[in-house]
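Here are the chains, one letter per residue:
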Amino acid sequence: MVIKKILSQLNLLAQCRKYDTPLNQCPQFLFLIMGLIIIFSSVITYALGARYIKDPQIVLLLVLSVAAVLLVLANLISRSFERLAQANRLKSEFVSIVSHQLRSPLSNMRWALEILMSGNMGKIEEKQLEYFSILRENSDRMRELVKDLLTVSRIETARLSFKKEMFSLEELVKELISSFEPFSKASNTEISFQAEKDLPMVLSDRSKIKLVIENLIDNAIRYTKGKGKIEIKLKKKDGSVYFEIKDNGAGIPKEDQKYIFQKFFRSKSALRYQTEGSGLGLYIVKSILEKAKGKIGFRSREGKGSTFWFTLPIK
Amino acid sequence: MKRILFIEDESALQKTLGETLRENGYEVVSALDGESGVKLAKTKKPNLILLDLILPKLPGFEVLKQLKKEEETKDIPVIVLTNLEEVKDVEKAMELGATSYLVKANYSLKEVVDKVKTALEG
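On a predicted model such as this, the values are computed, not experimentally measured, just so you know.

A short note on the overall build of chain B
For step 1, the next point in the chain: Looking only at helices and strands, one finds five helices and five strands in chain B.
For step 2, the next point in the chain: The N-to-C order of helical and strand elements in chain B reads β-α-β-α-β-α-β-α-β-α.
For step 3, the next point in the chain: For 122 residues, the compact-globule estimate of 2.2 N^0.38 gives 14 Å, and the C-alpha radius of gyration of chain B, at 13 Å, lies within 12% of that figure.
For step 4, the next point in the chain: Its C-alpha atoms give chain B principal-axis dimensions of roughly 30 × 30 × 30 Å.
For step 5, the next point in the chain: Out of the 122 residues in chain B, the part that is buried amounts to 49%.
For step 6, the next point in the chain: In chain B, the share of contacts with a sequence separation of at least 24, taken over all contacts with a separation of at least 6, comes to 61%.
For step 7, the next point in the chain: Element-wise, carbon and sulfur atoms account for 51% of the exposed surface of chain B, whose accessible area totals about 5,700 Å².
For step 8, the next point in the chain: In chain B, 19 positive and 22 negative side-chain charges are present, and the distance between their average locations comes to 5 Å.

Listed below in structure tokens is the structure:
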């Protein structure tokens, strides 16, 4: 058992994969590199010492003691990093378990409510319907929140699956605009769409990119008050397909702009416009695009509106 | 009348979905754990099985494995109805022979009934 444990710890790649960090940021790998550098510099020092100094053994002893102290320190640092990474992973797993547990009672509630609202259990008065609708809207909100939390937990434990398939971004955008039509009409917002001719297909995970565009359209509608205007554009740009969505909504205050892709961050202007929202949408959007090897960015002026864009590689 | 075996340990769901299915003209047989689910599948010969994955006594995946192994139950279509949504769970269920995989949180009651109708009639 002990040998097995030691062997598994020696398997650097597996250890690094556990933390989902690139090799050059993995503590075990850095520790190994550091050890090699120390051994190498000790040998060089000894060689130089042997050539120029009378008593090279003393120099070697000194270098080796310094090296030993450095190695112990490096080991402590890498262990503490491991502990932090493990705590973070446990936290994400905890979120995942809690979210799954929340889902069942939530489904029960939503289905029971659906039966009550269908009128099959007797006629419902208008006032009752109003309160039932509040229940339904809020259980929907909770469902969305749980869904976002699960996605975030998948991202953080590196369990977010990513399938690659060829699909047309143009078709996807069209499909989403029509599915958002009831919401945009209710919010008095008009969505226009312009796509460059003969756009190539993209190679990515359609369902994940759908989530990205859904989040961006939803934000654009949500943070616009009064008559809204949203423009979506698609074009080809340097081996990628470029997506842009421009709104004339609340905009993001300058001091908040550097935080908007952070988890749970909600801008002051967002809070003024909408109390709903988990602050997870843009974090999810950015994480998905990173996984898709795409880029994301935005321009925004408070009170004037925002433009969000992303690119997706064609191949 | 078409018979549906509903293997689900949550009595609230047995009531909401079970009764809605009955109202839609199906005979619904309920099983509250995996073991009785497998037994009822053999004795009641349902036309369709709705199967939860987290179940007492015998987990859903094991139920599915046994159903697909036995000669008398292997041809009954099984719809997995669960709140587990990880890709590995979906893939495992489909590999074991499930007809379709529905995540409860993503469907309304009416949509689930529609899926059942399609599976039975389509």
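Describing the nonpolar core
For step 1, the next point in the chain: Among the nonpolar cores identified, the biggest contains 43 residues, and I209, I213 and I217 of chain A are the most heavily contacted of them.
For step 2, the next point in the chain: Elements represented by at least two residues in this core include exactly helix 5 (126-156), helix 6 (169-186), helix 7 (206-222), strand 4 (228-237), strand 5 (240-247), helix 9 (281-291) and strand 7 (305-313) of chain A.
For step 3, the next point in the chain: No other element matches helix 7 of chain A, which puts seven residues into this core.
For step 4, the next point in the chain: Apart from the residues within four sequence positions on either side, I209 of chain A is in contact with F167, L169, L172, S204, I288, L289, A292 and L312 of chain A.
For step 5, the next point in the chain: Listed in part, the 24 residues of the second largest apolar core include L5, V29, I76 and V78 of chain B.

Quick look at the interface of chain A and chain B
For step 1, the next point in the chain: If you look at the interface, chain A gives 15 residues, while chain B gives 22 residues.
For step 2, the next point in the chain: For the pair chain A and chain B, the summed buried surface comes to about 1,700 Å²; carbon and sulfur atoms form 50% of the total.
For step 3, the next point in the chain: For chain A, the biggest contributors to the area lost against chain B are R103, N108 and W111 of chain A; these three give 38% of the whole.
For step 4, the next point in the chain: At the junction of chain A and chain B, the tally comes to three salt bridges.
For step 5, the next point in the chain: Where R154 of chain A meets E85 of chain B, a salt bridge forms, and the shortest distance between an N and an O atom there is 3.6 Å.
For step 6, the next point in the chain: Where chain A meets chain B, there are ten residue pairs in polar contact (both at pLDDT 80 or more).
For step 7, the next point in the chain: Broken down by element, the residue count for the side of chain A that touches chain B peaks at ten residues, all from helix 4 (residues 56-118) of chain A.
For step 8, the next point in the chain: Among the residues forming the side of chain A that touches chain B, the class breakdown is three nonpolar, six polar and six charged.

Describing the side chain of S78 of chain A
For step 1, the next point in the chain: Considering the arrangement of structural elements, one finds S78 of chain A in helix 4.
For step 2, the next point in the chain: Here the side chain of S78 of chain A touches N75 of chain A through a polar contact of 3.2 Å, landing on its backbone oxygen.

Re the pairing of strand 5 (residues 100-103) of chain B
Residues and elements named next belong to chain B.
For step 1, the next point in the chain: As judged from the four bridges shared by strand 4 (residues 78-82) and strand 5, these two strands associate in the parallel manner. Residue pairing for strand 5: V80 is matched across the bridge by Y101.
For step 2, the next point in the chain: Of the crossover connections in this fold, the one passing from strand 4 over helix 4 (residues 87-95) to the parallel strand 5 is right-handed.

Side note on the packing of aromatic side chains
For step 1, the next point in the chain: With the rule as written, the count across this model stands at six aromatic pairs over all chains.
For step 2, the next point in the chain: Between Y242 of chain A and W309 of chain A, the aromatic rings sit 6.0 Å apart at their centres with planes inclined by 20°, giving stacked as the arrangement. Here the residue Y242 of chain A occupies a position in strand 5, and W309 of chain A occupies one in strand 7, the gap between them amounting to 67 residues.
For step 3, the next point in the chain: A relative accessible area of 7% means that Y242 of chain A is categorised as buried.
For step 4, the next point in the chain: On the numbers, 4.7 Å between centres and 20° between planes, the contact of F243 of chain A with F310 of chain A is stacked. With a gap of 67 residues between them, F243 of chain A in strand 5 and F310 of chain A in strand 7 connect regions that are remote in the sequence.
For step 5, the next point in the chain: Connected via pairs of aromatic rings, a cluster forms that spans F261, F298 and F308 of chain A.
For step 6, the next point in the chain: Stacked on the ring of Y283 of chain A, the Lys or Arg K263 of chain A has its end atom at 5.6 Å from the ring centre.
For step 7, the next point in the chain: The ring of F61 of chain B has K92 of chain B sitting right over it, with the charged end atom 4.3 Å from the ring centre.

Reading guide: rules and limits
- Residues numbered from 1 in each chain as written.
- Chains lettered and ligands numbered in written order.
- Predicted model: local features only at pLDDT ≥ 70, side-chain atom pairs only at ≥ 80, totals over all residues.
- Heavy atoms only, no water.
- Helix = DSSP H or I, 4+ residues; strand = E, 2+ residues; numbered from the N terminus.
- Rg over C-alpha atoms; globule rule 2.2 N^0.38 Å.
- Buried < 20%, exposed > 50% of the residue type's maximum accessible area, 1.4 Å probe, protein only.
- Contact = heavy atoms within 4.5 Å.
- Areas by Shrake-Rupley, 256 points an atom, 1.4 Å probe, with all protein chains shown as cover.
- Lys, Arg positive; Asp, Glu negative; His and termini not counted.
- Charge placed at Lys NZ, Arg CZ, Asp CG, Glu CD.
- Core = buried A, V, L, I, M, F, W, Y, C linked by side-chain atoms within 4.5 Å.
- Buried area = accessible area lost by both parts, 1.4 Å probe.
- Salt bridge = Lys/Arg side-chain N within 4 Å of Asp/Glu carboxyl O.
- Polar contact = N/O pair within 3.5 Å; in protein donor to acceptor, adjacent residues only side chain to side chain.
- Nonpolar A, V, L, I, M, F, W, Y, C, P; charged D, E, K, R; others polar.
- Pairing = 2+ DSSP bridges.
- Right-handed = clockwise from strand over helix to strand, strands pointing away.
- Phe/Tyr/Trp six-rings, centres within 6.5 Å; stacked < 30°, edge-to-face > 60°.
- Lys NZ or Arg CZ within 6 Å of the ring centre and 35° of its normal.

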